[in-house]
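Observations on the three-dimensional arrangement
The residues making up each chain are set out below.
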Amino acid sequence: MAFLNPSSPTSEKLEKQFVEFRHHLEESGNLRERIQAVATEIDSVTRIIYASLLLVHQSLSVSEVIEKAKAQIEVLKEHYSRLSEIVRECPGQYYRYHGDWKSETQTVVSLLAFMHWLETGTLVLHSEVEEKLGLIPTEFGLDVDDYLVGICFMSNELPRYVVNQVTAGDYDCPRKVLKFLTDLHAAFRMLNLRNDFLRKKFDGMKYDLRKVEEVFYDVKIRGLAANGDSVGEKQAQGQS
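Only a predicted model underlies this, so the values are computations on that prediction, with no experimental measurement involved.

**Observations regarding the nonpolar core**
With 64 residues, the main nonpolar core has Leu53, Trp101, Ile151 and Phe188 as its most contacted residues. Looking at which element gives the most residues to this core, the answer is helix α5 (residues 102–120), with nine residues.

**Focus on the environment of Arg82**
When you line up the elements, Arg82 lands in helix α3 (residues 73–88). Of the residues examined, Arg82 reaches a relative accessible area of 35% and is grouped as partly exposed. Taking C-alpha positions, Arg82 is 9.7 Å from Arg34, a pair spaced 48 residues apart along the chain.

**Points about the packing of aromatic side chains**
The final tally for this structure, using the stated rule, is eleven aromatic pairs. Ring centres of Tyr94 and Phe140 lie 5.4 Å apart, and the angle between their planes is 65°; this geometry places the pair in the edge-to-face category. Of this pair, Tyr94 sits in helix α4 (residues 94–97) while Phe140 sits in helix α7 (residues 137–140), and the two are 46 residues apart along the sequence. Pair check on accessibility: Tyr94 and Phe140 agree, each one buried. On the numbers, 6.3 Å between centres and 85° between planes, the contact of Phe114 with Tyr161 is edge-to-face. Here Phe114 is found in helix α5, whereas its partner Tyr161 is found in helix α9 (residues 158–167), with 47 residues between them in sequence.

**So, the confidence of the model for the protein**
In this model, the protein carries a mean pLDDT of 88, and residues with pLDDT of at least 70 account for 90%. Per-element confidence in the protein ranges from a low mean pLDDT of 45 for helix α12 (residues 231–239) to a high of 97 for helix α6 (residues 126–133). Predicted confidence for residues 228–240 stays below pLDDT 50, and this span has 24 contacts to residues more than four positions away or in other chains.

**Comments concerning helix α2 (residues 62–70)**
Considered for burial, the residues of α2 that qualify are Val65, Ile66 and Ala69. All buried residues of α2 project into a common sector of 95° when viewed along the axis, lining one side. Set apart from the buried face of α2 by more than 90 degrees, the exposed residues are Ser63 and Glu67. Those residues of α2 hidden inside the fold are in contact with α1 (9–53), α3 and α5.

**Quick look at the side chain of Thr105**
Note on placement: Thr105 falls in helix α5. Not counting residues up to four positions away in its chain, the partners in contact with Thr105 are Tyr80, Leu142 and Asp146.

**Let's talk about the environment of Pro174**
Checked against the element boundaries, Pro174 lands in helix α10 (residues 173–188). We classify Pro174 as buried; its relative accessible area is 0%. Between the C-alpha atom of Pro174 and that of Val163, which follows or precedes it by eleven residues, the distance is 8.2 Å. Apart from the residues lying within four places of it in its own chain, the contact partners of Pro174 are Val162, Val166, Val212, Val215, Phe216 and Val219.

**Here we look at empty space enclosed by the protein**
Counted under the stated rule, the structure contains two cavities of 30 Å³ or more. Counted as a void, the largest cavity has a volume near 50 Å³. Surrounding the largest cavity, Lys70, Ile73, Leu112, Met115, His116, Glu119 and Lys132 form its lining. At four residues, α5 tops the list of elements feeding residues into the lining of the largest cavity. Taken together, Tyr80, Tyr94, Trp101, Thr105, Leu135, Phe140, Gly141, Leu142, Asp143 and Asp146 make up the full set of residues lining the second largest cavity. The residue makeup of the lining of the second largest cavity, split by class, is six nonpolar, two polar and two charged.

Cut-off values and rules
- Residues numbered from 1 in each chain as written.
- Predicted model: local features only at pLDDT ≥ 70, side-chain atom pairs only at ≥ 80, totals over all residues.
- Heavy atoms only, no water.
- Core = buried A, V, L, I, M, F, W, Y, C linked by side-chain atoms within 4.5 Å.
- Buried < 20%, exposed > 50% of the residue type's maximum accessible area, 1.4 Å probe, protein only.
- Helix = DSSP H or I, 4+ residues; strand = E, 2+ residues; numbered from the N terminus.
- Phe/Tyr/Trp six-rings, centres within 6.5 Å; stacked < 30°, edge-to-face > 60°.
- pLDDT = per-residue confidence, 0-100.
- Contact = heavy atoms within 4.5 Å.
- Arc of directions from axis to C-beta.
- 1 Å grid on protein atoms, 1.4 Å probe; cavity = no way out; pocket = protein on both sides within 12 Å on 5 of 7 lines; lining within 4 Å.
- Points joined across faces, edges and corners; volume = space filled by probe spheres on them.
- Nonpolar A, V, L, I, M, F, W, Y, C, P; charged D, E, K, R; others polar.

Printed below as a string of structure tokens:
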């Protein structure tokens, strides 16, 4: 086997190339460490928000619970502003580093969606999440898959919420949640989802819907629900 002569032009080119690779990898590694540091701070904030929202399952006032959770949104905006500044240092590389904050962002979306639903009974839109986080779509936006996965995570909270609300005496809650989940499930069915993580999370939404249906039917059979079939019930029956 022949070895390259250290003083040969080929050897010099090879060495130069790998020196450039080393600098590139060092810069990329430093950038990734900075991104991961911000992602860790985002994760810490989401834990605080989630801990606050858990109190809604104990039948505490929604307004009181939401107020405490909302106080952390400004902190999230600051973190995402820093994240955006870091990513702007490497134009066109958004998806190269996207995996370093993807999971945290999906959790953020789920919490914001749950808070929005508790306040309005409706789904928070993709553009509304970007606005809440201070994101600029043309510079550093919210990935659509992250939004959709976050919404699926949010739906996981609803069956538990329904059970606790019924326990507390709110017998109309299952009807409202059933209507919302039925509409949400129908909207997701419009998407041509691949056999990936998002598809698995969407499949899980079917079980959330089924759990809420069971609670609704149980409440109705016991004569505790309001008279008349709900729109959500009729739609659910049409899809089954």
